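Here is what each chain is made of, one letter per residue.
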Amino acid sequence: MSASMNNDVRAEPNLTPLLDVVFQLITFFMLVINFSQDNFDSRIKLPVAGSARPQDDAAKLGDERLVLNVDKDGHMIFNGQVLSADEATQKIKLEAQIARQNIKTLKGKVEQGEALPARIVIRADRDTPFAALFALINTCQTNGYQKFDLKAMNGP
Amino acid sequence: MKKMRGMEIEIPITPMLDMAFQLLTFFILTYRPAPMEGQFSMNLLPAQKAIDITKEQPKEESTPSLDASLRTLKTVLRAGGNGLLGEVTLADRPIQGMDELKKELEGFVNDPVVTFDQALIKVDPHLKYSELMKVIDVFSSLKPKPLTKLSFSELGPDEGGGPPQ
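Sequence positions are assigned chain by chain, starting from 1 and proceeding in written order. Chains and ligands are labelled by the order in which they are written, letters from A for the one and numbers from 1 for the other. Per-residue local features are limited, in this predicted model, to residues with pLDDT of at least 70; the limit for side-chain atom pairs, both in listing and counting, is 80 or more; totals at the level of whole chains, interfaces and linings are taken over all residues. Side-chain metrics in this entry use all non-hydrogen atoms of the structure; hydrogen atoms and water are not considered.

**Q** Run through the overall build of chain A, naming residues and quoting values.
**A** Elements are defined by DSSP. Helices are runs of H or I of four residues or more, strands are runs of E of two residues or more, and each kind is numbered from the N terminus. Counting its secondary structure elements, chain A contains 5 helices and 6 strands. In sequence order, chain A lays out its α and β elements as α-α-β-α-β-β-β-α-β-α-β. Counting only contacts in chain A whose residues sit at least 6 apart along the sequence, the fraction spanning at least 24 positions is 75%. The Shrake-Rupley method, run with a 1.4 Å probe sphere, supplies the accessible areas, and residue values consider only the shown protein chains as cover. Accessible surface, chain A: about 9,400 Å² in total, of which carbon and sulfur atoms supply 54%. Should any heavy atoms of two residues lie within 4.5 Å, those residues are counted as being in contact.

**Q** Could you give an account of the overall build of chain B, naming the residues involved and the relevant values?
**A** Per the secondary structure count, chain B includes 4 helices and 7 strands. The buried label applies to any residue whose accessible area, calculated with a 1.4 Å probe on protein chains only, is under 20% of its type's maximum; exposed applies above 50%, and partly exposed to all values in between. When burial is assessed residue by residue, chain B has 38% of its 165 residues classed as buried. Across chain B, contacts joining residues at least 24 apart in sequence account for 67% of those joining residues at least 6 apart. Accessible surface computed for chain B: about 9,900 Å², of which carbon and sulfur atoms make up 57%.

**Q** Give a detailed account of the interface of chain B and chain A, specifying residues and quantitative values.
**A** Listed by partner, the interface residues are 43 residues for chain B and 50 residues for chain A. Summed over both partners, the accessible area lost on bringing two parts together, with a 1.4 Å probe, is the buried area. Here chain B and chain A share an interface that buries about 4,200 Å² over both sides, 67% of which is from carbon and sulfur atoms. Looking only at chain B, the three residues that lose the most surface to chain A are E37, Q39 and Y129 of chain B, adding up to 19% of its buried area. Definition used for salt bridges: Asp or Glu carboxyl oxygen within 4 Å of a side-chain nitrogen of Lys or Arg. In this assembly, chain B and chain A are joined by 2 salt bridges. For D127 of chain A, the salt bridge goes to K128 of chain B, with nearest N and O atoms at 3.6 Å. Polar contact is defined as a pair of N or O atoms within 3.5 Å, subject to the rule that within protein one atom must be able to donate a hydrogen and the other to accept it, and that residues adjacent in sequence are counted only when both atoms are side-chain atoms. In this structure, the connection of chain B to chain A is made through 14 residue pairs in polar contact (both at pLDDT 80 or more). Elements represented by at least two residues in the side of chain B that touches chain A include exactly helix 2 (14-30), strand 1 (37-44), helix 4 (129-140) and strand 7 (149-154) of chain B. Sort the elements by how many residues they give to the side of chain B that touches chain A and helix 2 of chain B lands first, with 11 residues. Throughout, the ten residues Ala, Val, Leu, Ile, Met, Phe, Trp, Tyr, Cys and Pro are labelled nonpolar, Asp, Glu, Lys and Arg are labelled charged, and all others, Gly among them, are labelled polar. Residues of the side of chain B that touches chain A, tallied by class, amount to 26 nonpolar, 10 polar and 7 charged. In this analysis, strands are considered paired if DSSP registers two or more bridges between them. As paired strands, strand 1 (residues 53-54) of chain A and strand 1 of chain B are joined by 2 bridges and run antiparallel to one another. The residue bridging R53 of chain A from the neighbouring strand is Q39 of chain B, located in strand 1 of chain B.

**Q** Describe the packing of aromatic side chains, naming the residues involved and giving the relevant values.
**A** Working definition: an aromatic ring pair is given by the centre-to-centre distance plus the angle between the planes. Any two rings among Phe, Tyr and Trp, with Trp reduced to its six-membered ring, count as a pair given centres within 6.5 Å; such a pair is stacked if its planes are under 30 degrees apart, edge-to-face if over 60, and tilted if neither. For the structure on display, the rule yields 5 aromatic pairs over all chains. Consider the rings of F130 of chain A and F134 of chain A, whose centres lie 5.3 Å apart with planes at 25°: the pair is stacked. On the criterion of helical spacing, the pair formed by F130 of chain A and F134 of chain A is a turn pair, its members being 4 residues apart in helix 5 (residues 130-142). For the residue pair F130 of chain A and F134 of chain A, the accessibility class agrees, reading buried in each case. Aromatic ring contacts, followed pair by pair, group F28 and F29 of chain A together with Y31 of chain B into a single cluster.

**Q** Please give an account of the nonpolar core that cites residues and values.
**A** In this structure, Y145 of chain A together with F40, L132, L150 and F152 of chain B are the most contacted members of the largest nonpolar core, which totals 57 residues. Sorting elements by how many residues they give to this core places helix 4 of chain B first, with 7 residues. In this structure, F40 of chain B is in contact with A49, S51, A52, F148, D149, L150 and A152 of chain A together with M133, I136, D137 and S140 of chain B, ignoring residues within four places of it in sequence. By nonpolar core we mean a set of buried residues, namely Ala, Val, Leu, Ile, Met, Phe, Trp, Tyr and Cys, connected to one another through side-chain atoms within 4.5 Å. If you look at the next biggest cluster of nonpolar residues, it comprises 9 residues, including I26 of chain A together with L17, L24 and F27 of chain B.

**Q** Kindly report on the side chain of N143 of chain A, identifying the contributing residues and their values.
**A** Structurally, the position occupied by N143 of chain A is in the loop between helix 5 and strand 6 (145-153). With sequence-adjacent residues up to four places away left out, N143 of chain A is seen in contact with I92, K93, A96, R100 and L116 of chain A.

**Q** I'd like a rundown of the confidence of the model for chain B, residues and numbers included.
**A** Residue and element names in this part refer to chain B. Per-residue pLDDT for chain B has a mean of 76; in total, 76% of the residues score no lower than 70. Mean pLDDT in chain B bottoms out at strand 2 (residues 50-52), which sits at 52, and peaks at helix 2, which reaches 90. With pLDDT under 50 throughout, residues 57-69 is counted as low confidence; its partners more than four residues away or in other chains account for 10 contacts. Both confidence scores are given for the complex: pTM 0.70, ipTM 0.72. The score called pLDDT rates the predictor's confidence residue by residue, from a low of 0 to a high of 100.

**Q** Quick rundown of the packing of helix 2 (residues 16-32) of chain A against helix 2 of chain B? Include the residues and the values.
**A** Inter-axis angles, ranging from 0 to 180 degrees, are taken between N-to-C directions of lines fitted to C-alpha atoms, where helices are fitted over the stretch in contact. Put simply, helix 2 of chain A and helix 2 of chain B touch, their axes get as near as 9 Å, and they point 30° apart. Of the possible angle classes, the one that applies to helix 2 of chain A and helix 2 of chain B is roughly parallel. The element helix 2 of chain A and its partner helix 2 of chain B pack so that their crossing is left-handed. In contact with L18, L19, V22, F23, L25, I26, F29 and M30 of chain A of helix 2 of chain A, helix 2 of chain B contributes M16, L17, A20, F21, L23, L24, F27 and I28 of chain B. Classifying every residue of the contact of helix 2 of chain A with helix 2 of chain B gives 16 nonpolar, no polar and no charged. When an angle is under 35 degrees it counts as roughly parallel; over 145 it counts as roughly antiparallel; between 65 and 115 it counts as roughly perpendicular; any other value is oblique. Note on convention: near helix rotated counterclockwise from far helix by under a right angle means a left-handed crossing. Clockwise means right-handed.

What follows is the structure, given as structure tokens:
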């Protein structure tokens, strides 16, 4: 009698609430995850500036951006690769040409001297000498970029 | 037909839960919180031919000649040892510390008589980026309106921009 009782009793916990919670957690992580890391390079130690403002999300989505990581020796890092000064110049020139071509396709012609709407985002190391940075900024300006975002940490 | 109504259909959700936990594990392991990065958005125009506002009488109205010779508020940053900020001058006047720089800059920005068209920062080539950022921080925190239309130029050796001491 008791043996048959034991065989018939089946413990079936209701897993639906647990599944709901897990799906909510998955949704949260899917929304906050950032695979691209915005060309974030962990080798760069950004300077600290109190009045640096967080990036506007609308601007992040709307603007075309070119992120330049610069290490403490003044070398540009692009897609994880350290570039020499000449390679960096060529890369910026190429990006500017592509940007002009895109605008030409979408809107119309952009004159050679006309400023490009794209923003240059500079993530330079805190120990980078100004000379290296100035050379990069000059190259960007020569190729038609005028809008710059200089990255810094909000706190230590 | 009555028997059909009484039947309980049990959908096994355990495999789905297993899969959900695997997905959750993946997202937790790959999650890297973004660092608290801020930025200074500015229009960096190429430095143009300048007229020092301290040596030129301010004009009442802008004239077409302004494009050729802009009235300029010049800030000079010289590096000390190890690329740290050594000497700061604003319109050729020496400045002691960032607080004084902010006070003097606000004086220029809020002065209705002395006007300028561009703010030029001449920087020692050996100055570290973090030191330059301290100055940009001051320019961006001016009240009522921050100065974000800046031009940078390199301090030549004849102007005191030399090798680090």
